[in-house]
Amino acid sequence: MSRQTRDGSFMAFGRDGLIQIILIGNSIVMLAPILIMVMSAFKTNAQIFQSPFSLPDFTKVGNLVRVWAETDFIRYLMNSFIVTGSSIALILVLGTMAAYALARYEFRGANLILLFFLAGLTLPLKLAVIPLFIQMRDLGLLDTRFALIFIYVATGLPTTVFILTGFIRSLPNELEDAARMDGASEARIMWAIMLPLVRPAMVIAAIQNVVPIWNDFFFPLIFIQSNDLKTLPQGLTTFMGEFGTDWGVLFSGLTLSALPVIILYIALSRQFVNGMTAGAIK
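Residues numbered from 1 in each chain as written. Predicted model: local features only at pLDDT ≥ 70, side-chain atom pairs only at ≥ 80, totals over all residues. Heavy atoms only, no water.

**Q** Explanation requested: the packing of helix α5 (residues 110–119) against helix α7 (residues 145–169) in the structure shown.
**A** Angle between the axes and distance between the axes: these two values describe a pair of packed helices. It is the contact of α5 with α7, at a shortest axis distance of 8 Å, that shows an interaxial angle of 135°. With respect to each other, α5 and α7 are oriented oblique. Only L157, P158, V161, F162, T165 and R169 of α7 make contact with α5, whose side of the interface consists of N111, L114, F117 and L118. Split by residue class, the contact of α5 with α7 holds seven nonpolar, two polar and one charged. (Axes fitted to C-alpha atoms, helices over the stretch in contact; angles between N-to-C directions. Helix = DSSP H or I, 4+ residues; strand = E, 2+ residues; numbered from the N terminus. Parallel < 35°, antiparallel > 145°, perpendicular 65-115°, else oblique. Contact = heavy atoms within 4.5 Å. Nonpolar A, V, L, I, M, F, W, Y, C, P; charged D, E, K, R; others polar.)

**Q** I would appreciate a short explanation of the nonpolar core in the present structure.
**A** Grouped burial of nonpolar side chains is what soluble globular proteins tend to show. Counting residues in hydrophobic clusters, the biggest one holds 41 residues, and the most contacted among them are L148, V198, F219 and F223. The element contributing the most residues to this core is α7, with 11 residues. Setting aside residues no more than four positions away along its own chain, F219 makes contact with L125, K126, L132, L148, I151, Y152 and I224. Ranked by size, the runner-up nonpolar core spans nine residues in total, among them F73, Y76, L256 and V261. (Core = buried A, V, L, I, M, F, W, Y, C linked by side-chain atoms within 4.5 Å. Buried < 20%, exposed > 50% of the residue type's maximum accessible area, 1.4 Å probe, protein only.)

**Q** Can you help me understand the pattern of salt bridges in this one?
**A** Side chains bearing opposite charge may pair, as long as their charged atoms lie close to each other. Inspection of every chain in the model, using the stated rule, returns three salt bridges. Close ionic contact of D228 with R75 constitutes a salt bridge, the shortest N to O distance being 2.4 Å. Taken as a pair, D228 in the loop between α10 (218–223) and α11 (232–235) and R75 in helix α4 (residues 73–104) lie far apart in primary sequence, 153 residues in all. Residue classification places D228 among the partly exposed residues on the basis of a relative accessible area of 44%. R75 sits in the partly exposed class, given a relative accessible area of 37%. What emerges from the salt-bridge pattern is a single network uniting D72, R75 and D228. (Salt bridge = Lys/Arg side-chain N within 4 Å of Asp/Glu carboxyl O.)

**Q** Sorry, what's going on with the environment of F162 here?
**A** Topologically, F162 is positioned in helix α7. A relative accessible area of 48% places F162 in the partly exposed class. For F162, the contacting residues outside a window of four places in its chain are L118 and L121.

As C-alpha cells, then:
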C-alpha cells in the first residue's frame, strides 16, 4: 500500500470517527432530557432537587396514580387523540391532493400556488392570533375542537405540500401513462397507483406535524376554556400552582403524554427511514 493511499485511508477514518463522535454527542444531548423526565416521574420534589440524575425506585408509582386520580387524564388524552388525529387526517388528504395537482398537472398559476403554500412556512401563525380569535368568535367556533382542528390544518398544509410535491415530482411519469392507456381514471391513478408510492413521504409529513400538534399548548390555551375540551398539555397545568409545582406528578403526566408519540414513531420508523432515503436512491 502506498503512502498516499495510507494517508487517504487515515484521513477517511479520522473523518468518519469525528462524524460518529458528533452523532453520539448529539444523541446524548437529545436523549438526556427525556431520561431525566422519566426518572423524575418516580421521584418526589425533594429527590428531584437533591439528586436529579440519580436512579429512582421504579416500584414507587405514587405520582402516576395521582395523575390518574387527581386529573381527568383520560378525557384530556381522548381530546388530544381526537384533535391530533382529525388534523393529521385532513392535512394528509388535502395536502396529498394539492401536491399531486401541483406536481403532475401543468396549468397557469401552479408555481404561484406553490409559492403561496411555501409562504406559510415563513409566517408563524401565532402572529395572527388576534384575527384568528375574532374569526373563530364570529364563526361560533370558540371553545370547540373545530377551532383547533382548522388552525392545525392551516399550519400543517404548507409543510405537507412542500414535502409531497417534491417527492411526487421525482416519480416516473411512465406509471401514469401506462395506467391511462389501460383506461384508468385520474382519481384511480392517484389513489390506486401513486398513493402507495407516496406513502413514505406521507409518513414523514405526518411525523413532522403530529409532534407539534400533540405538544401544542398555545392555541388550546387561547381557544379552549371548558375543562371537558382541554388537551393534555393544557390539562397537565393542574399541577402547576402559583406558589409551588408538584414536579414529580407533572413529569409523570408528561411521560404518559409522550408515550403515544414515541410508540407511533417506533411503529412508523421503517416507513420514515424509507421516505428519508427514497430521494437519494432515485
